[in-house]
Amino acid sequence: MDNLPEKTCSVERLVTVPEDVQKVLNGEKTATRRNGVYAYPEEVMVLDGKEFKVDKLYKQTLGEMTDEHAKQEGYSTLEEYKESILALHPKMPWLPKMSVWVHEFSPVTK
């Protein structure tokens with residue numbers, strides 16, 4: 001975890017919106033973007049009794065996002081993702097230069 005900042009929140013808060021939790025459980029959402037660090041690689045989040053390991057953590061700007069990144073988030077297109085985020089955060093502008101932390105995760109297989 002060299003060069004990573006201190007966490008701003010805990011792994012339990014990484015995915016909390018019920019629709020997003022369901023997307024993770026269905027395998028439709030494999031990443032989430034936050035304005036802070038919620039989990040480090042190798043940390044495990046538990047959703048509905050199922051474990052998911054954080055595989056990668058890296059910075060990205062909103063302007064770097066593509067439709068493929070939106071698909072990681074469980075949306076068909078970047079525009080659909082953008083509309084969803086702005087609906088959750090009505091006063092937040094979509095600024096291409098704004099940096100976010102990408103948390104990529106996968107199911108824990110035992």
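These numbers were taken from a predicted model, which means no experiment stands behind them.

Rules behind the numbers
- Residues numbered from 1 in each chain as written.
- Predicted model: local features only at pLDDT ≥ 70, side-chain atom pairs only at ≥ 80, totals over all residues.
- Heavy atoms only, no water.
- Buried < 20%, exposed > 50% of the residue type's maximum accessible area, 1.4 Å probe, protein only.
- Helix = DSSP H or I, 4+ residues; strand = E, 2+ residues; numbered from the N terminus.
- Arc of directions from axis to C-beta.
- Contact = heavy atoms within 4.5 Å.
- Pairing = 2+ DSSP bridges.
- Axes fitted to C-alpha atoms, helices over the stretch in contact; angles between N-to-C directions.
- UniProt positions renumbered as here; feature names shortened; annotations may be inferred.

(A) Main features of helix H1 (residues 18-25). Every buried residue of H1 is accounted for by Asp20, Val21, Lys23 and Val24. Take H1 and look down its axis: the buried residues cluster within an arc of 160°, on one side only. Within H1, the exposed residues directed more than 90 degrees away from the buried face are Pro18 and Glu19. Of the surrounding secondary structure, the elements contacted by the buried residues of H1 are strand E2 (44-47), strand E3 (50-61) and strand E4 (99-107). In the segment just after H1, Gly27 is the residue with positive phi, at about 80°.

(B) Here's a closer look at the sheet that holds E4. Taken together, the four strands give an open sheet; going across it, the order is E1-E4-E3-E2, and neighbouring strands pair in antiparallel fashion. A single partner strand is all that each edge strand has here, and the edge strands are strand E1 (31-34) and E2. Between one strand axis and the next, the sheet turns through 35° on average, direction left out of account.

(C) Layout of the UniProt feature "domain: ASCH" (unreviewed entry) in the protein. UniProt's feature table lists "domain: ASCH" (unreviewed entry) at residues 14-109, given in the numbering used throughout. The distance from the first to the last C-alpha atom of residues 14-109 is 20 Å, and the span holds 26% helix and 30% strand.

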